[in-house]
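# Structural description and commentary
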Amino acid sequence: MTTRHDTAAPPSKGGAAPGRPPGDAVSPEEARKRARLSRRWQRDLRWSPYAFVSPFFLLFAAFGLFPLLYTGWASLHTVELTAPTDMTWVGLDNFTRIFDDEFFWNAAQNTLTIGIISTVPQLLMAMGLAHILNYKLRGSTFYRVVMLAPYATSIAAASLVFVLLFGRDYGMINWALDLVGFDKVDWQSDKWPSQIAVSSIVIWRWTGYNALIYLAAMQAIPQDLYESAALDGASRWRQFIHVTLPQLRPTILFTVVVSTIGASQLFGEPLLFDANKGASGGSQHQFQTLGLYLYEQGWINQHLGRASAIAWTMFLILIVIGIVNYVISRRLRASS
Amino acid sequence: MRAARIRPARKVVVMAAIASLGAGLLAGCADDGKDEDSSSSGDGGGKTTITLGLFGTMGFKEAGLYEEYEKLNPDINIEETVTERNENYYPALVNHLTTGSGLQDVQAIEVGNIAEVVETQADKFVDMSKVEGVKADSWVDWKWKQGVTKDGQAVGLGTDIGPMAICYRKDLFEKAGLPTDRDEVGALWAGDWKKFIEAGEKYKKGAGKDTYFMDSPGGLINAILGGEEEKFYNAAGEVVYKTNPAVKEAFDLTAEAAEKDLVQAQTQFQPAWEQTIANNLFATVACPPWMLGTIKGKSQPEAAGQWDVAAAPTSGNWGGSFLGVPKSGKNVEEAQKLVAWLTAPKQQAKLFAVQGSFPSATAAYELPEVKDAKNEMTGEAPIGELFAKAAESIPAQVIGPKDQIIQQGLTDNGVILVTQGKSPKEAWENATKTIDNNLEK
């Protein structure tokens, strides 16, 4: 299946470049030259790939690895953003106090609940939409492009519109609720309404994107499976349950993993949804996510050491989530 | 068969992974757009270019001050970079100061941050008190002191200040059966914020159900605290916000106003608050001169002339900035001269005439641009005189490095909760817990 390009034999003749004219007699000088060229070519073949992949790894070292290590170092100190070189060693203090930090756990809990109420409906709706789009439709390209439109909108613009929609006094949603006879909902200051509102921004933005991924996977399912299922008398619904879903399993796992990571890093939507200007995620921190809490500690309160410890804790939590996902996916694959 | 069935699915996963990575990159591009940086570029041609880093609308350019300075000094060219909001500007400024790079020749500092800058970053700035023509007594005394370190180094020179008065709607006051003359209105609550709340109760009885006496709990607590000499820090520099009776009193008074439905459940400068101005639904607002510009910007045209200005129960300060010259700038000498010129009384008066930024230099109060100033929103009210009078009685307030964080906690995590039905006690607990967590290093 795999081809190792570094050891693969060079094309014997021609290739993409014009072939060398065949020479019958080769002078020793010519032979040396050829040998040198060949050595150089082999070196080229051996080392060039590393040069080609190096930009990513150099950039990663500068903008990924170094910040990661520096953050780790900073998390062991008391450091203020106003004087980042002025560090006082405190050991694991920044980490141990996270255990007593009710704001951290509140943020962790909010991240979890917002993650669930945004990811689950989002993926279910995406699946439904993909299934509908998979039928023969007139103007299907149009619908697919429209599905991707929310995703192409910037979070800032989208969130500002949602803030207006969810406004307590002049918002369109409360106006509509009022028309049907419900009481006004204070979307920004009550816990569940505010979390639902934030989730709705996430759902709006990502449903179409996931639907397109599902659609691509559905179209890769061989048609003869459906034909034989139809011959066996399976209805559309039965076909969906017994053919489409099992075939989509790897794709579903992929979207779950990506959405989980996205949800655990949720930041822009709750930041911009806040009626106050700060990063406290509402007056009572009712929709403050971990990302937002990290930002508040680091950039508003300027406590670089604490923020670094939070960042590393989030990193560790993500690794745990990743391992859990991996285990589940292996179990699923083994059982199939 | 089995392999054939799995392979397409795997391919899809790989494709999807690539798509999501690509999409992530795209999203990264699409998301910045929040900081609105605008810079004006001029012709450099052999001239010295002085750059200014500013936030908000400081109005030097709009008032034509750069042009004037360039005319007076033909070999100077001035460029400004403006960040819309100080919340975005200040963290970047701190970053640039601590790394000593990326700084402009002149950097503006907001009054809420000046204490922290003076305390932690003074060594990065030039001492402005040594610049020719700069005299400490040109400024209102407390304004000068805010920008000066213990050893007498002036980190920044004051631009404007925000002497607070109360702006009120004459039509709403009349409907509610309250006086409308600005002296009588001022007399209603002179000297005591409790009387202000009482006036609010009277207003509520007479006025319609939909209007509110004051715009927001944040505006009220800010106005009350603005008149205190010590609020969150004592003169020794210790955090005392929890034990200072003045803070608790201001909190309780604001909470009382919120419980009595006298203030709206709004946060200032947010869309809903702006919509309320446009709908003419609140009767008073704590009002430094620059607030008149905000009101004008958010009002319908027919609101012009409906407002008036009365003295606040106690006058405090709200807003104002400083201009400092970082040592690492390219044109330190020229930048100092420019800052001294921009903050001189004459230029401050011109800035007031165009932008409504109230001068911090006392000599400016005698100039006709300030003395005879009138304003469209407040009709014939002599705002120059009114605000100059308020400026005289502002106490020299102790400003601490984390004032902004404490104030924001008291407002956004405190009194606002009372408008949402929480008890004042719960609101105070929520606010102090948040603030303490934010202050802990």
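Structure: see above.
Once a new chain begins, its residue numbering starts again from 1 and follows that chain's sequence as written. In the order they appear in the text, chains get letters beginning with A and ligands get numbers beginning with 1. Owing to the predicted nature of the model, reporting of local features is limited to residues with pLDDT of at least 70; listing and counting of side-chain atom pairs is limited to 80 or more, with chain, interface and lining totals taken over all residues. Here the side-chain values reflect all heavy atoms present in the structure, with hydrogen atoms and water set aside.

Turning next to the overall build of chain B. Only runs of H or I of at least four residues qualify as helices and only runs of E of at least two qualify as strands under DSSP, and these elements are numbered from the N terminus. The helix and strand tally for chain B stands at 18 helices and 12 strands. Burial classes follow relative accessibility: with a 1.4 Å probe on protein chains only, a residue under 20% of its type's maximum area counts as buried, one over 50% as exposed, and anything between as partly exposed. For chain B, the proportion of its 441 residues judged to be buried stands at 54%. The contacts in chain B between residues at least 6 apart in sequence include a share of 75% that link residues at least 24 apart. Per-residue accessibility takes into account occlusion by the displayed protein chains alone, with areas from the Shrake-Rupley method and a 1.4 Å probe. Accessible area of chain B: about 19000 Å², with a carbon and sulfur share of 50%. Note on contacts: a residue pair qualifies if any of its non-hydrogen atoms lie within 4.5 Å across the two residues.

On to the overall build of chain A, then. Within chain A, the secondary structure is distributed over 12 helices and 2 strands. Ordering the α and β elements of chain A from the N terminus gives α-β-β-α-α-α-α-α-α-α-α-α-α-α. Taking 336 residues into account, the globule formula puts the C-alpha radius of gyration at 20 Å, and chain A, at 28 Å, lies well above it. Viewed in the frame of its principal axes, chain A has a C-alpha envelope of about 95 × 75 × 40 Å. Evaluated residue by residue, chain A yields a buried proportion of 39% over its 336 residues. Nonlocal contacts in chain A, meaning residues at least 24 apart in sequence, comprise 65% of its contacts between residues at least 6 apart. Within the structure as shown, chain A displays about 19800 Å² of accessible surface, and the carbon and sulfur contribution to it stands at 67%. Within chain A, the 22 negative side-chain charges are centred at a point lying 16 Å from the centre of the 27 positive side-chain charges. Atoms considered for the radius of gyration are the C-alpha atoms alone. The globule rule reads 2.2 Å times the number of residues to the power 0.38. Asp and Glu count as negative and Lys and Arg as positive, but His and the ends of the chain are not part of the count. For the purpose of locating charges, the reference atoms are NZ of Lys, CZ of Arg, CG of Asp and CD of Glu.

When the parts of a complex come together, some accessible area is lost, and that lost area is often taken as the interface size. Counting from both sides, the interface comprises 56 residues of chain B and, opposite them, 52 residues of chain A. Summing both sides of the interface, chain B and chain A together bury roughly 4200 Å²; the carbon and sulfur share of this comes to 52%. Counted as a polar contact is a pair of N or O atoms within 3.5 Å, where, for protein atoms, one must be capable of donating a hydrogen and the other of accepting one, and residues adjacent in sequence contribute only when both atoms are in side chains. Counting every contact that joins chain B to chain A gives 15 residue pairs in polar contact (both at pLDDT 80 or more). Looking at the side of chain B that touches chain A, the elements that each hand over two or more residues are helix 1 (2-31), helix 3 (86-99), helix 4 (111-120), helix 11 (271-278), helix 17 (403-419) and helix 18 (424-439) of chain B. The quantity reported as buried area is the accessible area (1.4 Å probe) lost by two parts once they are put together, taken as the sum for both.

Looking now at helix 4 of chain B. All names here are of chain B. Across the 10 residues of helix 4, 8 count as buried, placing the element largely inside the fold. Among the residues of helix 4, those classed as buried are V111, G112, N113, I114, A115, E116, V117 and V118. In this structure, the buried residues of helix 4 make contact with helix 3, strand 4 (106-110), helix 5 (141-146), strand 11 (321-324) and helix 17. At the N-terminal boundary of helix 4, the capping side chain belongs to E110, with an oxygen 2.9 Å from the backbone nitrogen of G112.

Another point: the pattern of salt bridges. Just to be clear on terms, a salt bridge is a Lys or Arg side-chain nitrogen sitting within 4 Å of an Asp or Glu carboxyl oxygen. Across all of its chains, the model carries 19 salt bridges over all chains by this definition. With its nearest N and O atoms 3.6 Å apart, the salt bridge here joins A:E102 to B:K433. Of the two residues, A:E102 is situated in helix 3 (residues 102-133) and B:K433 in helix 18; the pairing between them involves two chains. Classification of A:E102 by relative accessible area gives partly exposed; the value is 47%.

What follows covers the nonpolar core. Residues and elements named next belong to chain B. Only buried residues count toward a nonpolar core. Its members are Ala, Val, Leu, Ile, Met, Phe, Trp, Tyr and Cys residues joined through side-chain atoms within 4.5 Å. Ranked by size, the top nonpolar core spans 81 residues in total, and within it F173, W189, W193, Y203, L220, F358 and L410 carry the most contacts. Ignoring any residue separated from it by four or fewer positions in sequence, one finds W193 in contact with I166, L220, A223, I224, L253, A312, P313 and T314. Counting 49 residues, the second largest nonpolar core, distinct from the first, contains I50, V148, A335 and L342.

For the rest of this paragraph, the subject is the state of the cysteines. Residues and elements named next belong to chain B. Cysteine sulfur atoms that pair up within 2.5 Å are treated as a disulfide. Within this structure, the stated rule accounts for 1 disulfide over all chains. Disulfide partner of C167: C287, at an S-S distance of 2.0 Å. As the torsion about the S-S bond is roughly -65 degrees, the C167-C287 disulfide counts as left-handed. Of this pair, C167 sits in strand 7 (residues 165-169) while C287 sits in strand 9 (residues 282-287); the two residues are 120 residues apart in sequence, bridging distant segments of the chain.

Time to look at the pairing of strand 4 of chain B. A regular strand places its side chains on the two faces of the sheet in alternate fashion. Residues and elements named next belong to chain B. For strand 4, the buried fraction is high: 5 of the 5 residues fall into the buried class. In strand 4, alternate side chains face the same way, and those of V106, A108 and E110 on one face and Q107 and I109 on the other are all buried. Sheet analysis places strand 2 (residues 48-55) next to strand 4, joined by 2 bridges and oriented parallel. For L52, the partnering residue across the bridge sits in strand 4 and is V106. Two strands qualify as a pair provided DSSP detects at least 2 bridges between them. One ladder, built from 4 bridges, connects strand 4 with strand 11; its direction is antiparallel. If you follow Q107 over to strand 11, its bridge partner there is G324.

Turning our eyes to something else, we now look at the packing of helix 7 (residues 191-219) of chain A against helix 9 (residues 236-264) of chain A. Helix packing geometry: the angle between the two helix axes and the distance between the axes. All names here are of chain A. Put simply, helix 7 and helix 9 touch, their axes get as near as 10 Å, and they point 140 degrees apart. With respect to helix 9, the element helix 7 is oriented oblique. The handedness of the crossing between helix 7 and helix 9 is right-handed. Within the contact between the two elements, helix 7 uses N210, I213, Y214, A217 and M218 and helix 9 uses F240, T244, L248, T251, I252, F254, T255 and S259. Residues that form the contact of helix 7 with helix 9 fall into these classes: 8 nonpolar, 5 polar and no charged. To get an axis, a line is fitted to the C-alpha atoms, and for a helix only the part in contact is used. The angle between two axes follows their N-to-C directions and goes from 0 to 180 degrees. Roughly parallel here means an angle under 35 degrees, roughly antiparallel means over 145, roughly perpendicular means 65 to 115, and every remaining angle is called oblique. Each helix crossing is assigned a hand: it is left-handed if the near helix lies turned anticlockwise from the far helix by less than a right angle, otherwise right-handed if that turn is clockwise. Side-chain classes are defined by residue name, with Ala, Val, Leu, Ile, Met, Phe, Trp, Tyr, Cys and Pro counting as nonpolar, Asp, Glu, Lys and Arg as charged, and the others, Gly among them, as polar.

This part is about a positive patch on the surface. A surface patch of positive charge is lined by A:R32, A:K33, A:R36, A:R39, A:R40 and A:R43. Mapped onto the secondary structure, A:R32 falls in helix 1 (residues 28-74). A patch consists of residues whose relative accessible area exceeds 30% and which take part in no salt bridge; residues with like charges are grouped when within 9 Å of each other, and nonpolar side chains (Val, Leu, Ile, Met, Phe, Trp, Tyr) when within 5 Å.

All names here are of chain A. Along the polypeptide, A211 turns up in helix 7. Relative accessible area serves as the criterion here: at 0%, A211 is assigned to the buried category. Here the alpha-carbon distance between A211 and Y70, two residues 141 residues apart in the chain, equals 39 Å.

Take the sheet that holds strand 7 of chain B next. Residues and elements named next belong to chain B. Spatially, 8-9-7-10 is the arrangement adopted by the 4 strands of the open sheet, whose pairing is mixed. Two strands close off the open sheet at either side, each with one partner strand: strand 8 (212-214) and strand 10 (307-310). Averaged over neighbouring strand pairs, the angle between their axes works out to 20 degrees when direction is ignored. Two strands pair when backbone bridges link them, and strand 7 and strand 10 are joined in this way by 4 bridges, in the antiparallel orientation.

Residues and elements named next belong to chain A. The pairing of strand 1 (residues 77-80) with strand 2 (residues 83-89) spans 3 bridges and is antiparallel. Bridge assignment links E80 to a residue of strand 2, and that residue is A83. The antiparallel pairing of strand 1 with strand 2 creates a hairpin that spans 2 residues between the two strands.

Another point: helix 11 of chain B. Note: α-helices contain 3.6 residues per turn, so residues at a spacing of three or four share the same orientation. Residue and element names in this part refer to chain B. Listed as buried for helix 11 are W273, T276, I277 and A278. At its buried positions, helix 11 is contacted by strand 9 and helix 12 (289-298). Immediately beyond the C-terminal end of helix 11, within one or two residues, lies N280, with a positive phi of roughly 55 degrees.

The quantities given are spatial measurements derived from coordinates; they are silent on function.
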